[in-house]
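Observations on the model geometry
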Amino acid sequence: MPGFPSVDVFIYLLQPQLNQLREPAMQWLQDVYLYLENLAEELAAKTFSRFPSLIGEIMEVVSHCLQDERDRTEEILTCVIDSEEGYLFTNDYDYLLNRTDIVPVANDEKKQHLSSTTVFVMELRQRIDSYFSLVIRNVRDRVPKTIGNFLVKKVQEKIQFHLYSEINKNSKMSEILGEHPAITQERDDLSRTSEILKHATKVLQRDPDITN
C-alpha cells in the first residue's frame, strides 16, 4: 500500500474494521435464502393444491437444492471477504493521488500548529478510513452479485431438473401425482352411463340408425 512505511502496521490498524464485514455479508445470504424458501413454499402450495400430500415431498427436494447452493455461495462469499482482509490493494485514483506521501504535509492552518506526530496520526487515521470506505464500496457490490449469481440464479437453473429427477425415481411421488383409483373408476362408470343414456335417447326418439 502506498503511503505507509509498514504494511504490517496498516493491516494491524485496519483489521478490526475489516472483521466487521463478514457477519452482515453472511446475514444477507441467510436473508435471501429464507426469502427463496418462503417463496418456494407459496409456489408449491399453489401449484400442487390438488395434491396437498405431495407438497411436503416437493419442499424437501427444494430445500435440499436451496441448502446446497447456499452452502456453495457461503464458501464463495467467505473467499470474497478473505480477499479483502488478506490482500490490501487499490487502484482507486483519488486514493493514489491524495494518500501516497509517507510523510503527510501540514497544509491547512490548524495542522501547522500541531506536532508532526499528531499530524501523522491524524493522516494515518484518514488513510485507514479512506481505504475502508473503498473496501465497503467493493463489498457492497460484490456480495449481492455473488448471492444473485451463485444462489438465486443457480437455484433457478437447477430446481426444475431436481424436481423432475426426483419425481421420476420416487415411486411414492409418482403415485401421489397419479389419479386416485376411485376417481378413475368413477370416471369409467360415468362414461359408461353416458353411453347408455345416449343409446336410450336414440331409442326413445325411434332413431332408425339404432342397431338392436
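Refer to the preceding data block for the structure.
Along every chain, residues carry numbers that run from 1 in the direction the sequence is written. Per-residue local features of the predicted model are confined to residues with pLDDT of at least 70, and side-chain atom pairs are confined, for both listing and counting, to 80 or more; whole-chain, interface and lining totals are unaffected and use all residues. Side-chain numbers here rest on the full set of heavy atoms in the structure, without hydrogens or water.

Secondary structure elements are defined from DSSP: runs of H or I of at least 4 residues count as helices, runs of E of at least 2 residues count as strands, and each element is numbered from the N terminus. Helix and strand counts for the chain come out as eight helices and zero strands. Traced from its N-terminal end to its C-terminal end, the chain shows the element sequence α-α-α-α-α-α-α-α. Counting over 212 residues, the chain shows a buried share of 30%. Whether two residues are in contact is decided by their heavy atoms, any of which lying within 4.5 Å being enough. Sequence-distant contacts in the chain: of pairs separated by 6 or more residues, those separated by 24 or more amount to 81%. Methods summary: accessible areas were calculated by the Shrake-Rupley approach with a probe of 1.4 Å, and residue burial reflects only the protein chains presented. Of the roughly 14,600 Å² of accessible surface on the chain, 54% is carried by carbon and sulfur atoms. Relative accessibility thresholds used throughout: buried, under 20% of the residue-type maximum; exposed, over 50%; partly exposed, between the two (1.4 Å probe, protein chains only).

Ranked by internal contacts, the top residues of the largest apolar core, which has 39 residues, are Leu14, Ile58, Val62 and Leu151. Elements supplying a minimum of two residues to this core: helix H1 (7-18), helix H2 (22-47), helix H3 (52-86) and helix H6 (116-169). A total of 14 residues in this core trace back to one element, the largest contributor, which is H6. Sequence-distant contacts of leucine 14, that is, excluding residues within four places in its chain, are made with Leu88, Ile128, Tyr131 and Phe132. Take the buried Ala, Val, Leu, Ile, Met, Phe, Trp, Tyr and Cys residues and link them wherever side-chain atoms come within 4.5 Å; each set so joined is a nonpolar core.

Patch construction takes residues with relative accessible area above 30% that form no salt bridge. Like charges are linked within 9 Å, and nonpolar side chains (Val, Leu, Ile, Met, Phe, Trp, Tyr) are linked within 5 Å. A carboxyl oxygen of Asp or Glu within 4 Å of a side-chain nitrogen of Lys or Arg is what we treat as a salt bridge. Together, Val9, Tyr12 and Leu13 line one region of the surface with nonpolar side chains, adding up to about 310 Å² of accessible area. Within the secondary structure, valine 9 is located in helix H1.

Each Phe, Tyr or Trp ring, with Trp reduced to its six-membered ring, pairs with another whose centre is within 6.5 Å; inter-plane angles below 30 degrees give stacked pairs, above 60 give edge-to-face pairs, and intermediate values give tilted ones. Here the structure, examined in full by the defined rule, presents one aromatic pair. With centroids separated by 6.3 Å and ring planes inclined at 70 degrees, the aromatic side chains of tyrosine 95 and tyrosine 131 adopt a geometry described as edge-to-face. Linking tyrosine 95 in helix H4 (residues 93-98) with tyrosine 131 in helix H6, this pair joins segments that are 36 residues apart in sequence. Each of the two residues, tyrosine 95 as well as tyrosine 131, counts as buried.

This next bit is on H2. Counted at 1.5 Å a residue, the expected span for H2 with its 26 residues is 38 Å, and the 37 Å between its end C-alpha atoms agrees. Turning to H2, its buried residues are Ala25, Met26, Leu29, Val32, Tyr33, Leu36, Glu37, Ala40 and Ala44. If you follow the buried residues of H2, they end up packed against H3 and H6. Helix span, expected: 1.5 Å multiplied by one less than the number of residues in the helix.

Here we take up the packing of H3 against H6. Any two packed helices are characterised by how steeply their axes cross, that is the angle between the axes, and by the distance between the axes. At their nearest, the axes of H3 and H6 sit 8 Å apart, and the two run at 155 degrees to each other. Between H3 and H6, the interaxial angle falls into the category roughly antiparallel. Here H3 runs over H6; the crossing is right-handed. Each residue gets one label: Ala, Val, Leu, Ile, Met, Phe, Trp, Tyr, Cys and Pro are nonpolar, Asp, Glu, Lys and Arg are charged, and the others, such as Gly, are polar. Of the residues belonging to the contact of H3 with H6, the class tally is 19 nonpolar, five polar and eight charged. Orientation is described by lines fitted to C-alpha atoms, with helices fitted over the stretch in contact, and by angles between N-to-C directions that extend from 0 to 180 degrees. Any angle from 65 to 115 degrees is called roughly perpendicular, while one under 35 is roughly parallel, one over 145 is roughly antiparallel, and all others are oblique. Take the far helix as your reference; a near helix turned counterclockwise from it by less than a right angle gives a left-handed crossing, and one turned clockwise gives a right-handed crossing.

Our next topic: the packing of H2 against H3. Relative to each other, H2 and H3 sit at 160 degrees, their axes nearing to 10 Å. One element, H2, and the other, H3, form an angle in the roughly antiparallel class. The crossing of H2 and H3 is right-handed. Of the residues that constitute the contact of H2 with H3, the class distribution is 15 nonpolar, five polar and seven charged.

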